[in-house]
Amino acid sequence: MQFTELGTTGIRVSKICFGSLTTSRLQKNFSAEEAAELFAYAIKEHQINFFDTAELYGNYAHFRALLNRVKRREFVLSTKCYAYDRKTAQESLERALTEVGTDYLDLMMLHEQESEHTLRGHREAIAYFLEQKQKGVIRGIGYSTHFVRGVKAASTIPSMDVIHPLINRRGIGIVDGERMEMEEAIHEQIARGIGCYLMKPLGGGHLLKEYPQAISYLHEEFPDAVIAIGMQSKTEVDLNVRSIVDRTWTQSEQERFHFQEKKLKIADWCVGCGHCVEACQQNALGLRDGKAVVLDQSLCVRCGYCAKACKEFCIKVV
Ligand code: SF4
Ligand code: SF4
């Protein structure tokens, strides 16, 4: 396994970050034990030490169960939340610490940021997280974004240590610009010393058929960057290590391997409130005959933001 330091945080992480949205209730819905077994396999067999989660995913119990299998210092945990003031920040931090069963978080990230304006709306939460960083409860602060403007915003918020931006070879999911603009913005932040781990290398599954090319693109464009990727089986962990780290995955193996395609599904008990449609940054959803429908699966990057908005728990990726 290759390791790198995330910006200037002093946090040493593996080249692969295990994105745990895939194991959560929004996707595979693993039990805590099933997820912990897979995470422990990634750690013990492949030295993957970096895990990404979010309050939205509702899977802190997966990491609590992992602590029965490995020591806390054997993995780096990043979580994301929507806290905007001191109270919500405190609640989010305490929820993560309590539910995981740890006394520190490696990274506390603000979820789904669009620009310096949305980040300003979280300034009280950022101030609280900074205090906690000084106390050693949090090791680094950052945010995730699908926006070029979001990446650029790191230049205006000096307290940010890490960004988690979306990028892939076709630019799928970038909300406000082209792939080249996103590349430029990410390079600028890396040059400033901001830690960076990249999300959606396969565009939420749309690039599975061109998987080797999608990974090669990231190697060429961002040779030192950490790549976050969702995994649901030991086979997928092995495959990603071979492709991203060892670089031994061949085109002929690619042609023989059956990648399981995933789709967003909306249950028929949908009440047509439209909150999911508003939450989708990709314009993939709409309302038809009083129910939410996926207008275009090719636009959906499986981010789960619509699922967060649905109070009826109608939305899943299967
Ligand atoms: S439909 Fe849902 S999962 Fe797909 S891009 Fe929109 S918000 Fe994300
Ligand atoms: S938020 Fe849920 S209930 Fe409302 S329209 Fe979307 S899927 Fe239906």
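By convention here, each chain's residues receive numbers from 1 onward along its written sequence. All chains are assigned letters beginning at A, and all ligands numbers beginning at 1, according to the order in which they are written. Under the rules for a predicted model, residues below a pLDDT of 70 receive no local features and side-chain atom pairs below 80 are neither given nor counted, while totals for whole chains, interfaces and linings still include all residues.

(A) Main features of the site of ligand 2. Residue proximity rests on one test: whether the C-beta atom, placed from the backbone, lies within 6 Å of the molecule or strand. Taken together, 14 residues are adjacent to ligand 2, and Cys 270, Cys 273, Cys 276, Ala 292 and Cys 310 come closest. Residues are grouped as follows: Ala, Val, Leu, Ile, Met, Phe, Trp, Tyr, Cys and Pro are nonpolar; Asp, Glu, Lys and Arg are charged; all remaining types, including Gly, are polar. Looking at the shell around ligand 2 residue by residue, the classes come out as ten nonpolar, three polar and one charged.

(B) A look at the sheet that holds strand β9 (residues 195-198). Spatially, the eight strands close up into a barrel ordered β3-β4-β5-β6-β7-β8-β9-β10, and their pairing is parallel. Looking at each pair of strands side by side, their axes are set apart by 25° on average, direction ignored. A strand pair is defined by DSSP finding two or more bridges across the two strands. Strands are runs of DSSP state E lasting at least 2 residues, helices are runs of H or I lasting at least 4, and numbering of each runs from the N terminus. Relative to strand β8 (residues 162-165), strand β7 (residues 138-145) runs parallel, the two sharing four bridges. Of the residues in β8, the one forming a bridge with Thr 145 is Pro 165. Fitted lines through C-alpha atoms give the axes, limited to the stretch in contact for helices. The angle between two N-to-C directions lies from 0 to 180 degrees.

(C) Spotlight on the site of ligand 1. By nearness alone, 13 residues border ligand 1, and Cys 280, Gln 282, Cys 300, Cys 303 and Cys 306 come closest of all. Grouping the amino acids of the shell around ligand 1 by side-chain chemistry returns ten nonpolar, two polar and one charged.

(D) Spotlight on the domain arrangement of the chain. Each domain span listed reflects an automatic or database assignment of domains. Split by domain assignment, the chain resolves into domain 1 (3-256) and domain 2 (264-317). Taking only C-alpha atoms, the centre of domain 1 and the centre of domain 2 are 24 Å apart. Residue pairs are scored as contacts if the distance between their C-beta atoms, which are placed from the backbone, is within 7 Å. Listed by partner, the interface residues are 14 residues for domain 1 and twelve residues for domain 2. A breakdown of the residues in the side of domain 1 that touches domain 2 according to their chemical character gives five nonpolar, seven polar and two charged.

(E) Broad picture of the environment of Gly 101. Take Gly 101: it is sitting in the loop between α3 (86-100) and β6 (105-113). Of the residues examined, Gly 101 has 15 C-beta atoms within 10 Å and is grouped as partly exposed. Spatially, the C-alpha atoms of Gly 101 and Pro 212 are 38 Å apart, while their sequence positions differ by 111 residues. Not counting residues up to four positions away in its chain, the partners in contact with Gly 101 are Arg 64 and Leu 67. The exposure label follows from counting other C-beta atoms within 10 Å of a residue's C-beta, where the C-beta atoms are placed from the backbone and the thresholds are 20 or more for buried and 12 or fewer for exposed, leaving partly exposed in between.

(F) View of helix α1 (residues 32-46). Helix span, expected: 1.5 Å multiplied by one less than the number of residues in the helix. The end-to-end C-alpha distance of α1 is 21 Å, a good match for the 21 Å that 15 residues give at a rise of 1.5 Å each. Residues Ala 35, Ala 36, Leu 38, Phe 39, Ala 42, Ile 43 and His 46 constitute the buried set of α1. Each buried residue of α1 lies within a common arc of 165° when the element is viewed along its axis, so the set occupies one face. Turned more than 90 degrees from where α1 packs its buried face, Lys 44 and Glu 45 sit exposed. Where α1 is buried, its residues meet β3 (16-19), β4 (50-52), α2 (60-66) and α9 (234-246). Note that the arc is defined by the directions from the helix axis to the C-beta atoms.

(G) Expanded view of the pairing of β9. The side-chain alternation of β9 yields two buried faces, one formed by Gly 195 and Tyr 197 and the other by Cys 196 and Leu 198. For β8 and β9, the ladder comprises two bridges, and the chain directions are parallel. Among the inter-strand pairings, Val 162 is bridged to a residue of β9, identified as Gly 195. Seen with its strands pointing away from the viewer, a crossover is right-handed when the path leading from the first strand over the helix to the second is clockwise. Between the parallel elements β8 and β9, the chain passes through helix α7 (residues 179-191) in a crossover that is right-handed. With two bridges connecting them, β9 and strand β10 (residues 226-230) associate as parallel partners. Within the sheet, the bridge partner assigned to Leu 198 lies in β10 and is Ile 227. You can see the chain leave β9, run along helix α8 (residues 211-221) and come back into β10, and the turn it takes is right-handed.

(H) A look at α7. Taking 1.5 Å of rise per residue, the 13 residues of α7 would be expected to cover 18 Å, and the 18 Å separating its terminal C-alpha atoms lies within 8% of that figure. Of all the positions in α7, only Met 182, Ala 185, Ile 186 and Gln 189 are classed as buried. The buried side chains of α7 occupy one side of the element, clustering within an arc of 95° when seen end-on. Opposite its buried face, α7 presents the exposed residues Met 180 and Ala 191, each directed more than 90 degrees away. Buried residues in α7 make contact with α6 (148-152), β8 and β9. In the stretch just after α7, Gly 193 is the one whose phi turns positive, near 95°.

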